[in-house]
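Residue-level structural notes
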Amino acid sequence: MAGYPAHDFLRAAMLDGIADRLDAVKRDFTDVLDLGCHAGRFVAPPGARVARLDPGFGFARAAGGVQADEDRLPFADAAFDLVVAAGTLDSVNDLPGALALIRRALRPDGLFLGAFVGGNSLSALRAALRGAEEPAVARLHPQIDVRSAGDLLVRAGFTLPVADVETLDVRYPGLGRLLDDLRGMAASNLLVDRHPLAREALARAAAAFAARAEKDGRVRERFDLIFLTGWSPSPDQPKPARRGSAGASLAAALRGGGD
């Protein structure tokens, strides 16, 4: 935890994206849950009461929050009208369950905003590790793409679900600096069955990574930031039109209609 602020650029980008999305919502929020709060850097709307939760004891204590897992929320149903989760949900054991609990913790017409690393992230690192050791060993936990993320929102019972992705490119002088960032943000290897990377394999991976360098000697690494937006169901929300209720046919529109 002590060195985390030097490596938290991804979460900072997620918080910026969440803030942009929240600014576009023209309503007031009174009770907010900062889920996976880390050091409590999320700035809640003015006047809102904020509860903070993190699975790490150090982060929870630093933020004045509760220590608990995101898929085992210790809050009552309908306790919040806004839940924010930045940089945390990709590492929970039961993501569908965590999303379902988030939806239950929201009041009717409550808003969920989440973000995590997913999709095609770390493509340069994955390519460098591929072939560095034989047999191949899983070094990174599975990541969720944007389409699957949207499906999970629907499965969890959110309405008006939106999943979108923003790509962040970071240029590294070598594999060691990238690994330092991943360790610093606790994102290196979350798999239960972990095996140390042998020195020879690490040297081969570093050489393969360096071979991808651009003219200035730096390697471009990719991070996909997936953003989730979903609302807790409410009778007052707009609903899609009933199938077959359109006043004009698509065929007529394509012909120019009205003839």
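In this report, the structure presented in the accompanying data block is examined. Bear in mind the structure is a predicted one, so any value in this text is a computation, not a measurement. (Residues numbered from 1 in each chain as written. Predicted model: local features only at pLDDT ≥ 70, side-chain atom pairs only at ≥ 80, totals over all residues. Heavy atoms only, no water.)

Judged from the five bridges that link them, strand β1 (residues 31–35) and strand β2 (residues 49–54) form a sheet pairing that is parallel. Paired with Leu35 across the strands is Leu53, a residue of β2. Inspection of the sheet shows β2 paired to strand β3 (residues 66–67) by two bridges, in the parallel sense. The partner of Asp54 across the bridge, within β3, is Gln67. (Pairing = 2+ DSSP bridges. Helix = DSSP H or I, 4+ residues; strand = E, 2+ residues; numbered from the N terminus.)

Direction vectors running N to C along helix α3 (residues 95–105) and helix α5 (residues 146–155) enclose 50 degrees, while the axes themselves pass 9 Å from each other. Comparing their axes, α5 and α3 come out oblique. As for how α3 packs across α5, the hand of that crossing is right-handed. Counting all contacts with α3, which are made through Leu95, Pro96 and Leu99, the residues of α5 involved are Leu152, Leu153 and Arg155. (Axes fitted to C-alpha atoms, helices over the stretch in contact; angles between N-to-C directions. Parallel < 35°, antiparallel > 145°, perpendicular 65-115°, else oblique. Left-handed = near helix turned anticlockwise from the far one by under 90°. Contact = heavy atoms within 4.5 Å.)

By the definition in use, this model includes 16 salt bridges. The closest approach of N and O atoms between Asp31 and Arg107, which form a salt bridge, is 2.9 Å. With Asp31 in strand β1 and Arg107 in strand β5 (residues 106–118), this residue pair connects regions lying 76 residues apart in the sequence. Using a relative accessible area of 26% as the deciding quantity, one classes Arg107 as partly exposed. Linked by salt bridges that have partners in common, Asp31, Arg49, Asp81 and Arg107 make up one network. (Salt bridge = Lys/Arg side-chain N within 4 Å of Asp/Glu carboxyl O. Buried < 20%, exposed > 50% of the residue type's maximum accessible area, 1.4 Å probe, protein only.)

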